[in-house]
There are 2 protein chains.
Amino acid sequence: MSSSPALSPQPLDQGAPRAALLETLKTRFADRFSASQALREQHGRGESHHTPAIPDAVVFAETTQEVSDIVRLCSQAGVPVIAYGTGTSLEGHLAALQGGISIDLSRMTRILRVGAQDLDATVEAGVTREQLNTHLRDTGLFFPIDPGANASLGGMAATRASGTNAVRYGTMRENVLSLTVVLPSGEIIRTGGRARKSSAGYDLTRLFVGSEGTLGIITEVTLRLYGLPETISAALCSFPTVEQAVAAAISVVQLGIPVARMELMDRGLIDAVNRYSSLSLDVEDTLAFEFHGSPATVAEQVEMVAAIVEENGGLNFAFASTPEERNRLWKARHNAFYAVVSQRPNAKGWSSDVCVPVSELAGCILMTRALLADCSVPAAILGHVGDGNYHVVFAVDPHDKAELAEVAAINTAMVHHAIAVGGTATGEHGVGTGKIGYLRREHGDAVDLMGVIKAAIDPKGIMNPGKILPDDAFPSAR
Amino acid sequence: MSSSPALSPQPLDQGAPRAALLETLKTRFADRFSASQALREQHGRGESHHTPAIPDAVVFAETTQEVSDIVRLCSQAGVPVIAYGTGTSLEGHLAALQGGISIDLSRMTRILRVGAQDLDATVEAGVTREQLNTHLRDTGLFFPIDPGANASLGGMAATRASGTNAVRYGTMRENVLSLTVVLPSGEIIRTGGRARKSSAGYDLTRLFVGSEGTLGIITEVTLRLYGLPETISAALCSFPTVEQAVAAAISVVQLGIPVARMELMDRGLIDAVNRYSSLSLDVEDTLAFEFHGSPATVAEQVEMVAAIVEENGGLNFAFASTPEERNRLWKARHNAFYAVVSQRPNAKGWSSDVCVPVSELAGCILMTRALLADCSVPAAILGHVGDGNYHVVFAVDPHDKAELAEVAAINTAMVHHAIAVGGTATGEHGVGTGKIGYLRREHGDAVDLMGVIKAAIDPKGIMNPGKILPDDAFPSAR
């Protein structure tokens, strides 16, 4: 892939303190401090089409205390701080729009405790979901939330991530028990304990989950775990039309069948995935299912879903019978983003991410299909249809303004429609810079309340500035 | 029950604006405004032992706009506002510590929409859970959260309530999709849409769930609904010791058996319940279960639970086979609070409410048993043991200071122990005034962040003052 042109930081109004800060950090962190162009460019971008913006320097933190020390220094100098996990975000969250310090948490990889009896674990923010699940392998437990990318758990908490099995297990909102957070002042807090429920005060955990580094930096995460299901079974089914696939998915949800995964992949996506992952799936609009439970409950779920599929014209219901086949299927699904992007040399991915009430899903997908009919770039629809959440992945040339404008118009039409039917501009990717323009349409005056909260917690505005909140959200702007 | 002596409002430092406000409200709301002593006393108390404190007046609001108008007037006059639903709270939430206006929402009883396809509903804040479930009767859907009392759904959201079936369905935290809230300025916001998940900005819904009227007044609630289970089955089992009952409960949780309810009732409670509800349950330490699902999955759950019960010395496993028997059982459980209190003439109830990691539950219950050994007032243990949440209900004489001090000491010992093992001072009743003294022990410096948020959203401090946050939480106090 080509490298996009990076924005320079905005002109510094505090050049002297910033230069002194960089010196201080360099002295303190030695080879864990870097101002190299390559590293800064890597840290100023996620995985999507958004224009990068490079930080002044990158510091690799290894402890919560170090994060606190860095944030405190940045606060004193009035210099922005952007937390970096694995760099897999999709809405421009990592762009250092005003320069500043990128705090790389990827070396904070300790699994601090696993509470096998309580089905919970506490990990440092840089632990990835795959690392945690590998660690848990012998305990009979797993952490289900799976956004596709092998993201860091701190980053997943910060963007309120979810993914393929949220339909059964929920999102990071439901699965984070508590957090350790470094506040903009450098102060370290814990947002809660390990009880499954609490009514003791404001829900700070949920305030930081999804705050995208704009209120503080998450350094430790306490997560819910689940017992590995006794039986896991996966199945694929193709449909004559995408409407029928969606109708089947909606029936499954409405009957409350506790499928663990239910993914829509349109025929364009199947084609891309076949080529990228060397598979030979039928190139049809497809639903992929995964079932978790005891042998009896899985059999019951499969039977009910098979009946629904048949009623909705599903053409075949093929099981991935071995774990290898199943893993191959989900790996292919996880690589869908890269599969679409790789269809075109030097392209970048642009993934839309609306989520709507399930009753509105069929209408939204049809409307999206119509929008894509004349689209000049490769695009495919996929979705966590059990939640009403779906994506269009576009493979765009980030240097072609006309093309970006074309995709932006489609994206905007999807978002406006989703909001109009009671849905959201982003089901799981977050706001970053990419969805800022829709926040007021979605939340109305509640955006001003978000601005009040942000201004109160981060009065200097140093935490990941320019993300989530539009400028007019702040009291001073009104 | 006797009436406790009511605290008078603190001396008013703005008598003139307050008097003018009362006149304005009286003119505007006519017979929906009352300053009668009886009504004010009723609105200054919940159902527990806490000393009431009466508001200056009560206004019965019928619409969100009316609530907004009242709050705006109160804000202009700098007069406190306390929202009132059904008056069933247990931690002194309703005490008008600085006087002010009690806004009674019990006439806001419209069910605004039921989304049968999306499994959700939007109701006004005064709708009770029983009203909603009666309304849903013909839809095949239900709202599971059940704190015992027939509380208003706005009040349940405001205290982050849960109850007997949180082990399966979660708490109000997981089951509120969005809220309409009147802010301290009188401004009306919606905290979200109807999508099952969203990453679009700060989680204002979860910020207001559990905020106990200190950040705004909830006037509408959008809730998740569930399909009525095909099969519901309930069972009781007694154990030789409370330790064995708890050990069985912990095994059920750790094996991930999706019981809908799993309640501990110690022998003292069973005795009280038998007498209050004219039952003849064996007076033993008892677990009560409810199972939801298809016939096959319920049979599977019952089989697994029966095996665990047997392993842990359970003496019999008796089913409530008819719906009538089942309803009688749960009604008796719901009345447990009143059953204990009624053991003693003129007593008030005091319910402790700690919640701990399940692995710590047995130790906590034993420690609690030891504390109760010499207790001079009637007391019984009950609990939602699947969540690690349990209560001791004491029947206290609210005029006997020595007795109150004795119970307070036991309560404090329980709370301190719970916090020490990673638990919380309140699993579901909320902080009110009763748990304020433990907030900093539980949350440390995070309490200061709560104070920052409160001060930013309610700068005049008019929203239910004196609840949740200790005085030293506020920036001005530090």
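Residues numbered from 1 in each chain as written. Chains lettered and ligands numbered in written order. Predicted model: local features only at pLDDT ≥ 70, side-chain atom pairs only at ≥ 80, totals over all residues. Heavy atoms only, no water.

## Overview of empty space enclosed by the protein
A water-sized probe rolled over the atoms picks out the places where empty space is left.
All names here are of chain B.
Moving on, step 1. The tally for this structure, following the rule as stated, stands at six cavities of 30 Å³ or more.
Moving on, step 2. Along the wall of the largest cavity there are 45 residues; nearest its centre are Thr88, Ser89, Leu90, Ala151 and Thr159.
Moving on, step 3. Elements represented by at least two residues in the lining of the largest cavity include exactly β3 (81-84), α5 (153-158), β10 (217-224), α12 (323-334), α13 (336-341), β18 (379-384) and β19 (389-396).
Moving on, step 4. With four residues, α5 is the largest single contributor of residues to the lining of the largest cavity.
Moving on, step 5. Each residue belonging to the lining of the largest cavity can be placed in one class, and the counts come to 19 nonpolar, 22 polar and four charged. (1 Å grid on protein atoms, 1.4 Å probe; cavity = no way out; pocket = protein on both sides within 12 Å on 5 of 7 lines; lining within 4 Å. Points joined across faces, edges and corners; volume = space filled by probe spheres on them. Helix = DSSP H or I, 4+ residues; strand = E, 2+ residues; numbered from the N terminus. Nonpolar A, V, L, I, M, F, W, Y, C, P; charged D, E, K, R; others polar.)

## Description of the sheet that holds strand β1 (residues 33-34) of chain B
Residues and elements named next belong to chain B.
Moving on, step 1. The four strands lie next to each other as β1-β2-β4-β3, forming an open sheet whose pairing is mixed. Strands at the two margins of the open sheet, each flanked by one partner only, are β1 and β3.
Moving on, step 2. In terms of strand pairing, β1 meets strand β2 (residues 57-60) through two bridges, oriented antiparallel. Bridge assignment links Phe33 to a residue of β2, and that residue is Val59. (Pairing = 2+ DSSP bridges.)

## Here's the deal with the confidence of the model for chain A
Moving on, step 1. Confidence along chain A averages 93 in pLDDT terms, with 97% of residues attaining 70 or more.
Moving on, step 2. Counting contacts from residues 1-12 of chain A, a segment whose pLDDT is below 50, to residues more than four positions away or on other chains yields 32 contacts. (pLDDT = per-residue confidence, 0-100. Contact = heavy atoms within 4.5 Å.)

## Section: the sheet that holds strand β3 (residues 81-84) of chain A
Neighbouring strands of a sheet are bound in pairs by backbone hydrogen bonds; such pairs are parallel or else antiparallel.
All names here are of chain A.
Moving on, step 1. Read across the open sheet, the four strands follow the order β1-β2-β4-β3; overall the sheet is mixed. The open sheet terminates on both sides in strands that have one partner only, identified here as β1 (33-34) and β3.
Moving on, step 2. Sheet analysis places strand β2 (residues 57-60) next to strand β4 (residues 101-104), joined by four bridges and oriented parallel. Counterpart to Ala57 in the pairing with β4 is Ile101.
Moving on, step 3. The strands touched by helix α3 (residues 64-77) are β2, β3 and β4; relative to β4, the strand with the most contacts, the crossing angle is about 175 degrees. (Axes fitted to C-alpha atoms, helices over the stretch in contact; angles between N-to-C directions.)

## Points about the nonpolar core
Moving on, step 1. Judged by nonpolar contacts, the single largest core of 98 residues is most densely connected at A:Leu132, A:Met172, B:Leu132 and B:Met172.
Moving on, step 2. Ignoring any residue separated from it by four or fewer positions in sequence, one finds A:Leu132 in contact with A:Ile111, A:Val123, A:Val127, A:Phe143, A:Leu153, A:Leu223 and A:Leu225.
Moving on, step 3. With 49 residues, the next largest nonpolar core counts B:Ala235, B:Cys237, B:Ile308 and B:Val415 among its residues. (Core = buried A, V, L, I, M, F, W, Y, C linked by side-chain atoms within 4.5 Å. Buried < 20%, exposed > 50% of the residue type's maximum accessible area, 1.4 Å probe, protein only.)

## Description of the packing of helix α9 (residues 242-254) of chain A against helix α14 (residues 361-372) of chain A
Helices that pack against each other are described as a pair by the angle of their axes relative to one another and the distance between those axes.
Residues and elements named next belong to chain A.
Moving on, step 1. Look at α9 against α14: their axes get within 9 Å of each other, and the N-to-C directions meet at 160 degrees. The angle between α9 and α14 places the two elements in the roughly antiparallel class. Crossing of α9 against α14: the hand is right-handed. From α9, Val242, Glu243, Val246 and Ile250 reach across to α14, where they touch Leu361, Ala362, Ile365, Leu366 and Arg369. (Parallel < 35°, antiparallel > 145°, perpendicular 65-115°, else oblique. Left-handed = near helix turned anticlockwise from the far one by under 90°.)

## Focus on the packing of aromatic side chains
All names here are of chain A.
Moving on, step 1. Tallied over the full model, the rule gives twelve aromatic pairs over all chains.
Moving on, step 2. Judged by centre distance (5.7 Å) and plane angle (85 degrees), the ring pair of Phe142 and Tyr169 falls under edge-to-face. Pair noted here: Phe142 is in strand β7 (residues 141-142) and Tyr169 is in helix α6 (residues 166-169), with a separation of 27 residues, a long-range link.
Moving on, step 3. Ring pairs connect the aromatic residues Phe289, Phe291, Phe317 and Phe319, which therefore count as one cluster.
Moving on, step 4. The ring of Trp330 has Arg261 sitting right over it, with the charged end atom 4.7 Å from the ring centre. (Phe/Tyr/Trp six-rings, centres within 6.5 Å; stacked < 30°, edge-to-face > 60°. Lys NZ or Arg CZ within 6 Å of the ring centre and 35° of its normal.)

## Notes on the relation of the copies chain A and chain B
Moving on, step 1. Overlaying chain A on chain B yields an RMSD of 0.0 Å, the required transformation being a rotation through 180 degrees with an accompanying axial translation of 0.0 Å. Such a turn and shift between the copies fits a two-fold axis. (Least-squares fit on C-alpha atoms with pLDDT ≥ 70 in both.)

## Considerations on the pattern of salt bridges
Moving on, step 1. Per the counting criterion, the structure on display carries 57 salt bridges over all chains.
Moving on, step 2. The partner of A:Glu124 in a salt bridge is A:Arg110, with the nearest N and O atoms 2.7 Å apart. Residue A:Glu124 is found in strand β6 (residues 120-124), and its partner A:Arg110 is found in the loop between β4 and β5 (111-115); the two are separated by 14 residues along the sequence.
Moving on, step 3. Overall, A:Glu124 belongs to the buried group, its relative accessible area being 2%.
Moving on, step 4. For B:Asp69, the salt bridge identified is with B:Arg28, shortest N-O distance 3.0 Å. Note that B:Asp69 is positioned in helix α3 (residues 64-77) and B:Arg28 in helix α1 (residues 15-29), a separation of 41 residues in sequence. (Salt bridge = Lys/Arg side-chain N within 4 Å of Asp/Glu carboxyl O.)

## Side note on the environment of B:Ala157
All names here are of chain B.
Moving on, step 1. With respect to the helices, strands and loops of the structure, Ala157 is situated in helix α5.
Moving on, step 2. Ala157 sits in the buried class, given a relative accessible area of 0%.
Moving on, step 3. Residues Ala157 and Val176, spaced 19 residues apart in sequence, show a C-alpha to C-alpha distance of 7.4 Å.

## Digging into the domain arrangement of chain A
All names here are of chain A.
Moving on, step 1. Annotation of chain A at the domain level lists domain 1 (15-104), domain 2 (111-227), domain 3 (231-420) and domain 4 (444-477).
Moving on, step 2. Computed over C-alpha atoms only, the centres of domain 1 and domain 3 are separated by 36 Å.
Moving on, step 3. Across the interface of domain 1 and domain 3, roughly 610 Å² is buried in total on both sides, 53% from carbon and sulfur atoms.
Moving on, step 4. Interface area lost by domain 1 to domain 3 is led by Glu47, His49 and Leu90, which between them contribute 73%.
Moving on, step 5. Summed over the shared surface of domain 1 and domain 3, the number is zero salt bridges.
Moving on, step 6. Our enumeration of links across domain 1 and domain 3 arrives at two residue pairs in polar contact (both at pLDDT 80 or more).
Moving on, step 7. Grouping the constituent residues of the side of domain 1 that touches domain 3 by class yields one nonpolar, two polar and three charged. (Domains from an automatic or database assignment. Buried area = accessible area lost by both parts, 1.4 Å probe. Polar contact = N/O pair within 3.5 Å; in protein donor to acceptor, adjacent residues only side chain to side chain.)

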